[in-house]
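Overview (structure and organization)
Residues per chain, in single letters:
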Amino acid sequence: MPLFYPNLFVTTQVRNRSLSAASMNAASAAINVLLTYCSERGVNLESRIRERRFFSPAELDTIRDECQKRRSKHGGAAVAPFRGRKATQRIGAGSEYARLTHVANYVRWLSHTLLGSAIDTVAARQIDQVHRGLIGRPTPPRF
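Residues numbered from 1 in each chain as written. Predicted model: local features only at pLDDT ≥ 70, side-chain atom pairs only at ≥ 80, totals over all residues. Heavy atoms only, no water.

**Quick notes on the overall build of the chain**
So the rule is basically this: Counting from the N terminus, the helices are the DSSP runs of H or I reaching at least four residues and the strands are the DSSP runs of E reaching at least two. Burial classes: relative accessible area under 20% of the type maximum marks a residue as buried, over 50% as exposed, and values in between as partly exposed (1.4 Å probe, protein chains only). We call two residues in contact whenever any of their non-hydrogen atoms come within 4.5 Å of each other. All accessible areas in this document rest on Shrake-Rupley with a 1.4 Å probe, and a residue is counted as covered only by the protein chains that are shown.
Along its length, the chain carries six helices and zero strands. Starting at the N terminus, the α and β elements of the chain follow one another as α-α-α-α-α-α. The buried share of the chain, taken over its 143 residues, is 34%. Partitioning the contacts of the chain with sequence separation of at least 6, the portion at a separation of at least 24 is 67%. As displayed, the chain has an accessible area near 8800 Å², and 54% of this comes from carbon and sulfur atoms.

Below, the structure is given as structure tokens:
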């Protein structure tokens, strides 16, 4: 069964802006990374937003880390064969930024959709902090 809010977001915010099918796929894949993160940690994103318990800085760092991982076509982390040296399992900085941007836009949109007219200045500031926090998350150096 398709997920209601992710599909509504992709339909209304990506497709209706006349973006390509590839853009819709990229947005869906990025949202999938977020939802996988939430599922693995028992986070009910919709409930947390309704309760105004937005992501902490540590959670934003972990989401950023998840967005850096190379994923298989089936949604899980890609497995690289061992070849005697450390195989890179991270995506490029541009792809990481695109994923984080889709995730940030989805969380902001979902927050506004779920809270609607109940958004006060404190909630609006928190939503903005999460959005900026995801997009502006510094990537730690790669060794």
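Moving on from the coordinates now.
**Brief notes about the pattern of salt bridges**
Where side chains of opposite charge bring their charged atoms close, a pairing between them can arise. So the rule is basically this: By definition here, a salt bridge exists when the distance from a side-chain nitrogen of Lys or Arg to a carboxyl oxygen of Asp or Glu is within 4 Å.
Throughout the structure, instances matching the rule amount to nine salt bridges. Salt-bridge contacts for R64 lead to D61; the nearest nitrogen and oxygen are separated by 3.6 Å. Of the two residues, R64 and D61 both sit in helix α4 (residues 57–68), three residues apart, roughly one turn of that helix. For D61, a relative accessible area of 28% corresponds to the partly exposed category. One salt bridge in this structure joins K69 and E66, with 3.0 Å as the shortest N-O distance. Classification of K69 as partly exposed rests on a relative accessible area of 33%.

**Let's talk about the packing of helix α2 (residues 21–40) against α4**
Put simply, the rule reads: In this description, a line fitted to the C-alpha atoms serves as the axis of each element, helices being fitted only across the stretch in contact, and the angle between N-to-C directions of two axes falls anywhere from 0 to 180 degrees. Oblique is the label for any angle not under 35 degrees, not over 145, and not in the 65 to 115 range, which are roughly parallel, roughly antiparallel and roughly perpendicular in turn. Left-handed describes a crossing whose near helix is turned anticlockwise from the far helix through less than a right angle; right-handed describes the clockwise counterpart. All residues other than Ala, Val, Leu, Ile, Met, Phe, Trp, Tyr, Cys, Pro, Asp, Glu, Lys and Arg, Gly among them, are scored as polar; the first ten of these are nonpolar and the last four charged.
Two elements in contact, α2 and α4, have axes separated by 10 Å at closest approach and are oriented at 125°. Compared by their axis directions, α2 and α4 come out oblique. Helix-helix and strand crossings are classified by hand; for α2 and α4 the assignment is right-handed. Together, V33, L34 and Y37 of α2 and E59, T62, I63, E66 and C67 of α4 make up the contact between the two elements. Per-class residue counts for the contact of α2 with α4 are five nonpolar, one polar and two charged.

**A short note on the nonpolar core**
Spelled out, the test is: To define a nonpolar core, start from buried Ala, Val, Leu, Ile, Met, Phe, Trp, Tyr and Cys residues and group those joined through side-chain atoms within 4.5 Å.
Counting residues in hydrophobic clusters, the biggest one holds 31 residues, and the most contacted among them are L34, F55 and Y106. When residues of this core are traced back to their parent elements, those giving at least two are α1 (4–14), α2, α3 (45–50), α4, α5 (93–115) and α6 (121–135). Tallying contributions element by element places α5 first for this core, with nine residues. Each residue touching L34, except ones within four places of it in the same chain, is listed here: L45, F55, I63, V103, Y106 and V107.

**Some thoughts on the packing of aromatic side chains**
For the record, the criterion: For Phe, Tyr and Trp, where Trp contributes only its six-membered ring, two rings pair if their centres lie within 6.5 Å, and the inter-plane angle classes them as stacked under 30 degrees, edge-to-face over 60, or tilted in between.
Inspection of every chain in the model, using the stated rule, returns six aromatic pairs. Ring geometry for Y5 against W109: centres 6.4 Å apart, planes inclined by 65°, an arrangement best described as edge-to-face. Linking Y5 in helix α1 with W109 in helix α5, this pair joins segments that are 104 residues apart in sequence. Each member of the pair Y5 and W109 is classed as buried. Linked through ring pairs, F4, Y5, F9, Y106 and W109 together constitute an aromatic cluster.

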